[in-house]
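Analysis of the macromolecular model
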Amino acid sequence: MADRAALEDLVRVQGERVRGLKQQKASAEQIEEEVAKLLKLKAQLGPDEGKPKFVLKTPKGTRDYSPRQMAVREKVFDVIISCFKRHGAEVIDTPVFELKETLTGKYGEDSKLIYDLKDQGGELLSLRYDLTVPFARYLAMNKLTNIKRYHIAKVYRRDNPAMTRGRYREFYQCDFDIAGQFDPMLPDAECLKIMCEILSSLQIGDFLVKVNDRRILDGMFAICGVPDSKFRTICSSVDKLDKVSWEEVKNEMVGEKGLAPEVADRIGDYVQQHGGVSLVEQLLQDPKLSQNKQALEGLGDLKLLFEYLTLFGIADKISFDLSLARGLDYYTGVIYEAVLLQPPARAGEEPLGVGSVAAGGRYDGLVGMFDPKGRKVPCVGLSIGVERIFSIVEQRLEAELLYKKNPKLLNQLQYCEETGIPLVAIIGEQELKDGVIKLRSVASREEVDVRREDLVEEIKRRTSQPLCIC
Amino acid sequence: MADRAALEDLVRVQGERVRGLKQQKASAEQVRPRRRKRGQNEASEDRAGVVCIEDRDLEEGTRLIEEEVAKLLKLKAQLGPDEGKPKFVLKTPKGTRDYSPRQMAVREKVFDVIISCFKRHGAEVIDTPVFELKETLTGKYGEDSKLIYDLKDQGGELLSLRYDLTVPFARYLAMNKLTNIKRYHIAKVYRRDNPAMTRGRYREFYQCDFDIAGQFDPMLPDAECLKIMCEILSSLQIGDFLVKVNDRRILDGMFAICGVPDSKFRTICSSVDKLDKVSWEEVKNEMVGEKGLAPEVADRIGDYVQQHGGVSLVEQLLQDPKLSQNKQALEGLGDLKLLFEYLTLFGIADKISFDLSLARGLDYYTGVIYEAVLLQPPARAGEEPLGVGSVAAGGRYDGLVGMFDPKGRKVPCVGLSIGVERIFSIVEQRLEALEEKVRTTETQVLVASAQKKLLEERLKLISELWDAGIKAELLYKKNPKLLNQLQYCEETGIPLVAIIGEQELKDGVIKLRSVASREEVDVRREDLVEEIKRRTSQPLCIC
């Protein structure tokens, strides 16, 4: 018995030792050594005596929403949903998992990030990875040829959080999509208008929407001499230009992906360009690019798009950026991504880092993959990345709250001056004992003691005067 | 080539044969359970279970199907591998469904009623992940554990989809070291029920939970839960309902004094619970015939469990010579007496029935338990009735949080769960019966053009309207016909049309047309926003 107690003590001490090393970020070998010792000691203790395991955590990459976080979430969703409704969208919902076959072959390299359900004797299932493939399945299943719908729900990706700080495995997406055969670029333009309306209403700072087109990218790669087989992988490299320098991207293309250096250089001449509709017109005149049919189509559509965006009053927020090359395989036309320009930071806080808060594009081939007769339904849409927006709004609310909790008198008076409050009723210890409140006029700075029971009357009297010469 | 075609024919015929057999089996299963079926109701989710079919015919049927399927697979193998034709997977997983815009409109109505009631009683709201660590859910659901969806072991933590919202709540309380909270949580839960057995039972469905955690004076939170249940069911207007109430301690005490061996308590409980669907004879047969209970013990149980009534039954049992000797039963009866006092003050005692056969499935209830059932499910003339079923349930569970706390610290909890899936169907049917047109969008005005080449003007105008917060749409056509635009409004219920015309442009006006009355009036461009707002804010929206 005493032996066991002594052993349990040793285990406890060793456990603390290990924890301490981990906190100090000691070397991995050292930690492993001490962990091994700990496990040996525990083994001596024998199997658990039936003590329940205390599993007090959510799975890796997921989190609960406390009431406070729910309040933030509700605010944000209200803004987004009212915008979607303003544009006449219906709403749908789909199951959290799909048949595994439904998701197979739709996400390219990202397919390894899909959560599968265990084979328990029935259908093979996987958790949805986005809301777009379920939407395409929904359209084909119900034989719909046109719909404007939004869908707000959580999606699941087995990201490795160590690689990408703060990246969740379960997170919300707010999708808006227009399916149907329509006159060109009208629905595409409305998607961009919606994106801008939402980001403006949320008041999370200045933003920019980058726009490009799959056909322009593909055409550009072709005329630069990229072999067909390398298109997708070169695309991924180019997409990194918003985070790393051109030199690094070029090294990856040439060094890792086997691209000829002169081809890389030609790509470099194009992808480092961005601008407004004038860049579109310039490229339409480009001797090499204008020979490529795909690129011409893309450029033509972008030109039309810019016309509509101007009529919608948002052209100043849009930048045609040749380095935008978003990852997913299913985009077929225009693609876009909204980024925050100056992520709002509190004084002394780490900036959130430039990142995208919304993205989307046209994907005309997806529904056809589900239809037995291969019937196509053209689609265009957008997705708002709300998780990042939640953090921004939360930080902003925290700042307000902190200010309200510990007000200094000077700050309180300053607040009145800034907001135009004419009177201040100041509570002080001595005045409390005397049964009075000090009533101060912000404008004249005169203070007078007023008996507690007369305060309401006095305030009403002073604030009812026409010019409020309080 | 001809061989292949012939082979494909054989495959097709064999496939139909298999399908036919499966259908026959399914119909046979449907007919059988009407006499001894188990929970058909969505809200009694917490005691879902699968009854073993011992029927010879069905075993025979299964064997036959297996034989024919084997033949089919052999034929298919001869055809060779798929020629790379994409598989057309046009279905949601078994037991799940999409919500169309119309169904979403129904869902939103129902949730609004429920949420506003929860808020009225001061509840906060939380959310938790769709899956938990497998360990979190292990050992919490008794027999029902086999219905949990597990995630594949992909090298990381072992995960399972949540089975209810109560265990995640207990985990949340322990994790955040909370000792009291009043919270609601509306989310989907997952159960691998066998849909062939229980028609219409979903594997993914919504639960609306409300729980009060904390050490308080007895029965006050419990009474508030029942008050909330009644408020919600009344507001939803889905017909008359009754709330059955019982207590775990009374059940356990009753079994003890009747002579049920401790080891059989839970399984006898399940049998008793079926009394709302099948007769006492059948329940007794199951207890004696299948579960090995002595017949005289079963009879004693029968004397008690067929009783139900108001507070007078509580008082009667408090006087029962045998039951009043049992400490547990006394505690339960005492609490129920107090509960009835509070329910009377809350004005809902007439809706409550103390029912000794209520024995809800989950292991974690420790005190009062309750279940709300619809009395006369509204049926359309000629429609099959929905069948009596429970639409809400709950109870007290004082030991659950302690299972998560490292020091075993207890946090007493009581709560309720609204079974909304059934309520969705009822409300949907009601709307259909009333032929009420449910709009799936909120668009107030369609921006239209009367002639060609007015796209630019439409885009400019609609942008102005959106910027002013007005809900507006336009057709994605450069030169749409006016008639098509008007038709679109009628189909989707848009009440107003703002028509741009060449002449009107010159005059600086827009023609505003009411879809319902067909009246048109010219409005100055700068007054349009105001006019639209005025018309659409009127209560009956006689635009």
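Keep in mind the model is a prediction, meaning the values are calculated, not measured.

Rules used throughout
- Residues numbered from 1 in each chain as written.
- Chains lettered and ligands numbered in written order.
- Predicted model: local features only at pLDDT ≥ 70, side-chain atom pairs only at ≥ 80, totals over all residues.
- Heavy atoms only, no water.
- Helix = DSSP H or I, 4+ residues; strand = E, 2+ residues; numbered from the N terminus.
- Buried < 20%, exposed > 50% of the residue type's maximum accessible area, 1.4 Å probe, protein only.
- Areas by Shrake-Rupley, 256 points an atom, 1.4 Å probe, with all protein chains shown as cover.
- Contact = heavy atoms within 4.5 Å.
- Buried area = accessible area lost by both parts, 1.4 Å probe.
- Salt bridge = Lys/Arg side-chain N within 4 Å of Asp/Glu carboxyl O.
- Polar contact = N/O pair within 3.5 Å; in protein donor to acceptor, adjacent residues only side chain to side chain.
- Nonpolar A, V, L, I, M, F, W, Y, C, P; charged D, E, K, R; others polar.
- UniProt positions renumbered as here; feature names shortened; annotations may be inferred.
- Pairing = 2+ DSSP bridges.
- Axes fitted to C-alpha atoms, helices over the stretch in contact; angles between N-to-C directions.
- 1 Å grid on protein atoms, 1.4 Å probe; cavity = no way out; pocket = protein on both sides within 12 Å on 5 of 7 lines; lining within 4 Å.
- Points joined across faces, edges and corners; volume = space filled by probe spheres on them.

Re the overall build of chain B
- In terms of regular secondary structure, chain B is built from 18 helices and 16 strands.
- Here chain B holds 543 residues, and 51% of them are scored as buried.
- Approximately 25,500 Å² of chain B is accessible, and the part contributed by carbon and sulfur atoms is 50%.

Topic: the overall build of chain A
- Within chain A, the regular secondary structure consists of 16 helices and 14 strands.
- Here chain A displays about 23,600 Å² of accessible surface, and carbon together with sulfur accounts for 52% of that area.

Quick word on helix H7 (residues 214-224) of chain A
Residues and elements named next belong to chain A.
- Counted residue by residue, H7 has nine buried out of 11 residues, so it is predominantly covered.
- Buried within H7 we find Arg214, Arg215, Ile216, Leu217, Asp218, Gly219, Met220, Phe221 and Cys224.
- Lining the buried residues of H7 we find strand E6 (207-213), helix H8 (231-239), helix H10 (261-271), helix H12 (293-311), strand E8 (318-321) and strand E9 (334-340).
- One or two residues past the end of H7 sits glycine 225, with phi positive at roughly 100°.

Things to note about the interface of chain A and chain B
- Opposite the 69 residues of chain A that make contact, chain B presents 74 residues.
- Between chain A and chain B, a total of about 6,600 Å² is buried, with carbon and sulfur atoms accounting for 59% of that surface.
- If you sort the residues of chain A by the area they bury against chain B, A:Leu56, A:Arg86 and A:Leu311 come out on top, with a joint share of 10%.
- The interface formed by chain A and chain B holds 15 salt bridges in total.
- Our enumeration of links across chain A and chain B arrives at 34 residue pairs in polar contact (both at pLDDT 80 or more).
- Considering only residue class, the side of chain A that touches chain B consists of 35 nonpolar, eight polar and 26 charged.

Some words on the UniProt feature "binding site: L-histidine" (unreviewed entry) in chain A
Residue and element names in this part refer to chain A.
- Under the UniProt annotation, the feature "binding site: L-histidine" (unreviewed entry) is placed at Asp130, Leu131, Thr132, Arg157, Gln173, Asp177, Arg326, Tyr330 and Tyr331.
- Along the chain, threonine 132 falls in helix H5 (residues 132-141).
- Classification of threonine 132 as buried rests on a relative accessible area of 8%.
- With residues up to four places along the chain from it excluded, the contact list for threonine 132 reads Asp175, Tyr330, Tyr363 and Leu366.
- Leaving out residues up to four positions away in the same chain, tyrosine 330 has contacts with Lys106, Tyr107, Asp130, Thr132, Val133, Arg362, Tyr363 and Leu366.
- In this structure the side chain of tyrosine 330 is engaged in a polar contact, spanning 2.8 Å, whose partner is the side chain of aspartate 130.

Comments concerning the side chain of A:Asp371
- Positionally, A:Asp371 belongs in the loop between strand E10 (356-362) and strand E11 (379-384).
- A polar atom in the side chain of A:Asp371 sits 3.2 Å from the backbone nitrogen of A:Arg375.

Digging into the sheet that holds E11(A)
All names here are of chain A.
- With mixed pairing, nine strands are arranged side by side in an open sheet as E1-E4-E5-E11-E10-E9-E6-E8-E7. The sheet terminates laterally at strand E1 (90-91) and strand E7 (274-275), the two strands that pair on one side only.
- As defined by bridge partners, E10 adjoins E11 across five bridges and the pair is classed as antiparallel. Paired with arginine 362 across the two strands is valine 380, which belongs to E11.

Thoughts on the sheet that holds strand E4 (residues 181-190) of chain B
Residue and element names in this part refer to chain B.
- Strand order in the open sheet formed by nine strands is E1-E4-E5-E11-E10-E9-E6-E8-E7, and the pairing between neighbours is mixed. Looking at strand neighbours, the two that pair on one side only are strand E1 (124-125) and strand E7 (308-309), the edges of this open sheet.
- Where strand E10 (residues 390-396) and strand E11 (residues 413-418) come together, five bridges link them in antiparallel fashion. When the bridges of E11 are listed, glycine 394 appears paired with leucine 416.
- Against the sheet, helix H14 (residues 420-434) makes contact with strand E5 (204-213), strand E9 (368-374), E10 and E11, and its axis sits at roughly 120° relative to E5, the strand it touches most.

Here's the deal with the pattern of salt bridges
Residues and elements named next belong to chain A.
- The tally for this structure, following the rule as stated, stands at 68 salt bridges over all chains.
- As a salt-bridge pair, arginine 375 and aspartate 371 come within 3.5 Å of each other at their nearest N and O atoms.
- On the basis of relative accessibility, which here comes to 45%, the residue arginine 375 falls in the partly exposed class.
- For aspartate 371, a relative accessible area of 6% translates into the label buried.
- Linking arginine 461 and glutamate 458 is a salt bridge whose minimum nitrogen-to-oxygen distance equals 2.8 Å. Of this pair, arginine 461 and glutamate 458 both sit in helix H16 (residues 455-464), three residues apart, which is roughly one turn of that helix.
- Taking relative accessible area as the criterion, arginine 461 reaches 44% and is therefore assigned partly exposed.

Comments concerning empty space enclosed by the protein
- What the rule picks out here adds up to seven cavities of 30 Å³ or more.
- Here the second largest cavity is characterised by a volume of approximately 100 Å³.
- What lines the second largest cavity is simply A:Leu117, A:Lys118, A:Gln120, A:Gly122, A:Glu123, A:Leu125, B:Tyr149, B:Asp150, B:Arg192 and B:Arg203.
- Broken down by class, the residue content of the lining of the second largest cavity amounts to three nonpolar, two polar and five charged.

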